[in-house]
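# Per-entry structural report
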Amino acid sequence: MVMQSLEPIEMTNFRKVAHAPFAASLLIDQANDSLVWSLAVKCTAPREQLRLRCLHDAGFTRPIGQLKSEEIVLWLAKVAPPGDVAVGEPDTLGIEQATQVLAAEESDRLARFLHIEDRMSYLAAHAGARLLLGNVMGQPAAALRFESSAQGKPIVVAGRDDLGFSLSHARGAVAVAAACVPVGVDIEPLREIADMDSISEIALAAEERKVLQSAPAALRSRLFLRYWTLKEAVLKAAGLGF
């Protein structure tokens, strides 16, 4: 989707705020007020047997424990430029903690983002995934290594065969999920989609476009983003994306 252009931030300024919090955990109800997110799993268990556990510890210092076969753990967070998340606010992730767990190639990619919103979201998602997986696996987050499958989905090198994970980041929001089955998650900030009709022709099926067109105008952007994130989450759970 087309994103609004924002002013770039220099890495030197980024380092000056290393101790500042920039990501704050969200409850599901809080996330639903301003975000649209979807979760998909690839499994044979009936939906009513699946259990979702939303994590609120942004630093992942509290033990997550052994994941049950039908359990999905999910971390949702709002992301803001340094200084916009209050110091001392509970369940926040700081820049210093996050940058310390990244691998060299992740740090290099982080430095290439021109805009602070993109940089913060990437940092929160990749650090969050490392911290969550390290907690579940009992390993240091910084020590985890990843490689891509033939379809481009990241997998943990020498990790648990039954542990699946997925991450998603957009400006202002991140989501990370893990489960003992293949899992996919996708998130988008709730906003008006100006070019919805043209995008819908490419991204949505005919029946979906029909439902979208018949929806009240005030709900169309949310519904479009719901379709969009569902499709992304399903593709990720199928192993065709991260």
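Criteria and thresholds
Residues numbered from 1 in each chain as written. Predicted model: local features only at pLDDT ≥ 70, side-chain atom pairs only at ≥ 80, totals over all residues. Heavy atoms only, no water. Salt bridge = Lys/Arg side-chain N within 4 Å of Asp/Glu carboxyl O. Helix = DSSP H or I, 4+ residues; strand = E, 2+ residues; numbered from the N terminus. Buried < 20%, exposed > 50% of the residue type's maximum accessible area, 1.4 Å probe, protein only. Core = buried A, V, L, I, M, F, W, Y, C linked by side-chain atoms within 4.5 Å. Expected span 1.5 Å × (residues − 1). pLDDT = per-residue confidence, 0-100. Contact = heavy atoms within 4.5 Å. Pairing = 2+ DSSP bridges. Polar contact = N/O pair within 3.5 Å; in protein donor to acceptor, adjacent residues only side chain to side chain. Arc of directions from axis to C-beta. Phe/Tyr/Trp six-rings, centres within 6.5 Å; stacked < 30°, edge-to-face > 60°.

## Quick notes on the pattern of salt bridges
- Tallied over the full model, the rule gives 10 salt bridges.
- Across the salt bridge formed by Asp91 and Arg62, the nearest N and O atoms sit 3.6 Å from each other. Taken as a pair, Asp91 in the loop between strand S4 (71-79) and strand S5 (92-94) and Arg62 in the loop between strand S3 (51-55) and S4 lie far apart in primary sequence, 29 residues in all.
- Of the charged contacts in the structure, one is a salt bridge between Glu188 and Arg191, with a shortest N-O distance of 3.2 Å.
- Its relative accessible area of 9% is what places Glu188 among the buried residues.

## A word on the nonpolar core
- Grouped together as the largest cluster of nonpolar side chains are 41 residues, with contacts concentrated most on Phe22, Ile64, Trp75, Leu93, Leu123, Leu132 and Leu133.
- Among the secondary structure elements, those contributing two or more residues to this core are strand S1 (21-25), S4, helix H3 (95-100), helix H5 (116-137), strand S8 (164-170) and strand S9 (173-179).
- In terms of residue count, the dominant contributor to this core is H5 (13 residues).
- Formed by 15 residues, the second largest nonpolar core is a distinct cluster that contains Leu26, Ile72, Ala173 and Ala177.

## Quick notes on H5
- An ideal rise of 1.5 Å per residue puts 32 Å on 22 residues; H5 measures up with 31 Å between its terminal C-alpha atoms.
- Across the 22 residues that make up H5, a large majority, 20, are buried.
- Looking at the residues trailing H5, positive phi occurs at Gly138, about 70 degrees.

## Considerations on the confidence of the model for the chain
- Confidence along the chain averages 89 in pLDDT terms, with 88% of residues attaining 70 or more.
- Predicted confidence for residues 1-9 stays below pLDDT 50, and this span has 26 contacts to residues more than four positions away or in other chains.

## Brief notes about the pairing of S8
- For S8, a buried count of 6 out of 7 residues is recorded, marking the element as mostly surrounded by other parts of the structure.
- Pairing of S8 with S9 involves 7 bridges; the strand directions are antiparallel. Within the sheet, the bridge partner assigned to His169 lies in S9 and is Val174.
- In this structure, the hairpin formed by S8 and S9 is closed by a connection of 2 residues, where Gly172 is found at a positive phi of approximately 95 degrees.

## With respect to unusual backbone geometry
- A positive phi angle, near 55 degrees, is found at Phe60, a position not held by glycine.
- Mapped onto the elements of the fold, Phe60 is located in the loop between S3 and S4.
- Look at Phe60 and you get buried, because its relative accessible area is 6%.

## Points about the side chain of Lys236
- Position of Lys236 relative to the elements: it lies in helix H8 (residues 217-237).
- Among the polar contacts made by the side chain of Lys236, one reaches the side chain of Asp186 at a distance of 3.2 Å.

## Describing helix H7 (residues 206-214)
- Three or more residues of H7 are buried, namely Glu208, Arg209 and Leu212. Buried residues along H7 cover an arc of 100 degrees about the axis, so they all sit on one side. Away from its buried face by more than 90 degrees, H7 exposes Ala206, Glu207, Lys210 and Ser214.
- The secondary structure elements touched by the buried residues of H7 are helix H6 (196-203) and H8.

## As for the packing of aromatic side chains
- Scanning the entire structure with this criterion turns up 4 aromatic pairs.
- Aromatic side chains Phe224 and Trp228 sit 6.0 Å apart centroid to centroid with 40 degrees between the ring planes, which places their arrangement in the tilted category. Highlighted residues: Phe224 and Trp228, both in helix H8, separated by 4 residues, approximately one helical turn.
- Accessibility expressed as a relative area gives 0% for Phe224, which makes it buried.

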